[in-house]
Amino acid sequence: MAPVPSPKANVLKDLTDAQISDVFNRFDTDLNGYLDTFELADAVNELTGQVLSTGQTMHLVEKYELANTERDPPNSLTELEFGDMVRTIDWDSDDWRKAGGSPLRGTVATSGADQPNGTPYEVVFEQNTLGFRVRTDTTRGLVVVNQVTDPLNLGVIFVGDLLVAVNGAPLGYILDHKVLAKKIKSLGRPMKITFEVSLEGRNAALRERPDTADPEIALNPAKTWSDEKLKRVFLDFDRDQSDSLDTFELGPALTELLGRDFDSSLVAELVTKYDTNGSNTIEFDEFLIMIRSIDTATLDVPTTPQRPATAGGSIDADTFEVTFRKSSLGFRVRNDTERGLIIIKELIKPHAPSTPGTPGMPGMPSTPGGSKGRGDHLDPRVVPGLIVFAVNGAPMGWVNHHKVLAEKIRGLDRPIRVTFKRDIEGGSAKPAQPIIEETQETQAEEKPVA
């Protein structure tokens, strides 16, 4: 039985130049005057309702891309080429449905294990972090798997294999793998990535790093790095040149080395485990021990019980998070030098009007409809006496001066997420009287936390 014609596809031959131009411009998301394979696949899906295979997308590019100049990006169509493609293809024909001879039709391998050279395989990723890292082979314009960072990907994805498509859109000729990262970042999950087995690449990786045959080394190649090489990484992330990494600096350093994200509880736990002198920071000798002894296979399993997050930004009965979208956080702080803590001293913004919403912590006002700071008003739970515990998931650690907070967050993009804790040892935080708008203006000349 012949396929039922698609109403969408049947009218494409009659699209005007203006309509073609409108579709082209809507899907030219990087505004460079071309549709790359990512944009082309999305545009065809919008016009026809069809989800293209990798082979079909590549077939369109190869058939309709005219002779390129050196200034044209490879594997992409101009508006003229796109219009020619839309109007000349019979999108409901058997010829089109078989176009590209795509090896991704039918059964597709879901792992690179025990596959012959050149075999494509697809892996579906549910999480934002993909669990592998790549490099660019600039001589061939290819993206190559350079490290597998997630234990679940071991035996599925292999160092040396090629990354050829994302959600069915071929990558084409790539000169910088950062282009790929930028494309992937904006895509929703789950996401499908197509790899291609490269026995040559795998063998080259083993020759260069024979110890990566050990799964634990494959997850954490830094285990085998020299002291000098690790010292360079340490110094790169020691932003304040304190000869130690605080929690703000340690998280990004570990991400750089291990290729995965670290949440605040995990960073704090690592500091507790490897900080031998009670400074709440990691010095270089502690850093070396951490990197060479860390068990990446069980890194996500905390040794202390974690209470699940609850609605409204509450982590537990004494801890909650608030998102700040403005430059000023709306409060001033002081430091408790005996305990190395930063405490809210006073508010310089009024509380948001109390309306029914998410309950606050015991003894505190409720949150109006959520946990986000609203412009010139503070979340009602933010009151004098609270401990500023973490920023963007990075625990503050031991703090000798409250200016540390201002210095840490000054360069951070908004919105930022601040974690507060009740000061149980020092006395319960008590709700403060809201500061009226006139008072806010008179206090604005003093230096608030920014």
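Up top is the structure these notes are about.
Attention here is on the structure that accompanies the text. (Residues numbered from 1 in each chain as written. Predicted model: local features only at pLDDT ≥ 70, side-chain atom pairs only at ≥ 80, totals over all residues. Heavy atoms only, no water.)

1. Details of the overall build of the protein
And then number 1: A tally of regular secondary structure across the protein gives 15 helices and 17 strands.
And then number 2: Counting across all 450 residues of the protein, residues that qualify as buried make up 47%.
And then number 3: Taking contacts inside the protein between residues at least 6 apart in sequence as the whole, the part at least 24 apart equals 68%. (Helix = DSSP H or I, 4+ residues; strand = E, 2+ residues; numbered from the N terminus. Buried < 20%, exposed > 50% of the residue type's maximum accessible area, 1.4 Å probe, protein only. Contact = heavy atoms within 4.5 Å.)

2. Quick look at the packing of helix α10 (residues 227-237) against helix α11 (residues 247-258)
And then number 1: Across the interface, α10 lies against α11 with an axial gap of 9 Å and an inter-helix angle of 140°. The orientation of α10 relative to α11 falls into the category oblique. At the point where α10 passes α11, the crossing takes the right-handed sense. Along its contact with α10, which presents Leu230, Val233 and Phe237, the element α11 presents Glu249, Pro252, Ala253, Glu256 and Leu257.
And then number 2: Its residues assigned to classes, the contact of α10 with α11 shows 6 nonpolar, no polar and 2 charged. (Axes fitted to C-alpha atoms, helices over the stretch in contact; angles between N-to-C directions. Parallel < 35°, antiparallel > 145°, perpendicular 65-115°, else oblique. Left-handed = near helix turned anticlockwise from the far one by under 90°. Nonpolar A, V, L, I, M, F, W, Y, C, P; charged D, E, K, R; others polar.)

3. As for the packing of helix α3 (residues 37-48) against helix α4 (residues 54-64)
Helices that pack against each other are described as a pair by the angle of their axes relative to one another and the distance between those axes.
And then number 1: Orientation of α3 relative to α4, taken along the N-to-C sense of each, is 105°, at an axis distance of 10 Å. The orientation of α3 relative to α4 falls into the category roughly perpendicular. Where α3 abuts α4, its residues Thr37, Leu40, Ala41 and Val44 lie against Thr57, Leu60 and Val61.
And then number 2: Here the residues of the contact of α3 with α4 sort into 5 nonpolar, 2 polar and no charged.

4. As for helix α5 (residues 79-88)
And then number 1: Among all positions of α5, only Glu81, Phe82, Gly83, Met85 and Val86 are buried.
And then number 2: Structurally, α5 contributes buried residues whose contacts are with α2 (17-27), β1 (35-36), α3, α4 and β2 (76-77).

5. Regarding the pattern of salt bridges
And then number 1: Following the criterion strictly, the structure yields 11 salt bridges and no others.
And then number 2: The salt bridge partner of aspartate 423 is arginine 339, with a shortest N-O separation of 2.9 Å. Pair noted here: aspartate 423 is in the loop between β17 (416-421) and α15 (437-443) and arginine 339 is in the loop between β13 (331-336) and β14 (341-347), with a separation of 84 residues, a long-range link.
And then number 3: For aspartate 423, a relative accessible area of 5% puts it in the buried group.
And then number 4: With relative accessibility at 24%, the residue arginine 339 sits in the partly exposed group. (Salt bridge = Lys/Arg side-chain N within 4 Å of Asp/Glu carboxyl O.)

6. Some details on α2
Residues spaced three or four apart along an α-helix point in a common direction, a consequence of the helix completing one turn every 3.6 residues.
And then number 1: Those residues of α2 that sit buried are Ile20, Ser21, Val23, Phe24 and Phe27. Buried positions in α2, seen along its axis, are confined to an arc of 165° and lie on one side of it.
And then number 2: Looking at the buried side of α2, the elements it contacts are β1, α3, β2 and α5. (Arc of directions from axis to C-beta.)

7. Points about the pairing of strand β4 (residues 132-137)
And then number 1: Here β4 runs beside strand β5 (residues 142-148); their pairing, made up of 6 bridges, is antiparallel. Note that in β5 the partner of valine 134 across the bridge is valine 145.
And then number 2: Between β4 and β5, which pair antiparallel one after the other, the connecting turn spans 4 residues, and glycine 141 there sits at a positive phi close to 65°. (Pairing = 2+ DSSP bridges.)

8. Section: unusual backbone geometry
And then number 1: Even without glycine at this site, aspartate 114 takes up a positive phi of about 55°.
And then number 2: The residue aspartate 114 is located in the loop between α6 (94-97) and β3 (120-125) in this model.
And then number 3: Judged by relative accessible area, aspartate 114 falls into the exposed class, the value being 81%.
And then number 4: One non-glycine residue, aspartate 243, lies in the positive phi region at around 65°.
And then number 5: We classify aspartate 243 as exposed; its relative accessible area is 55%.

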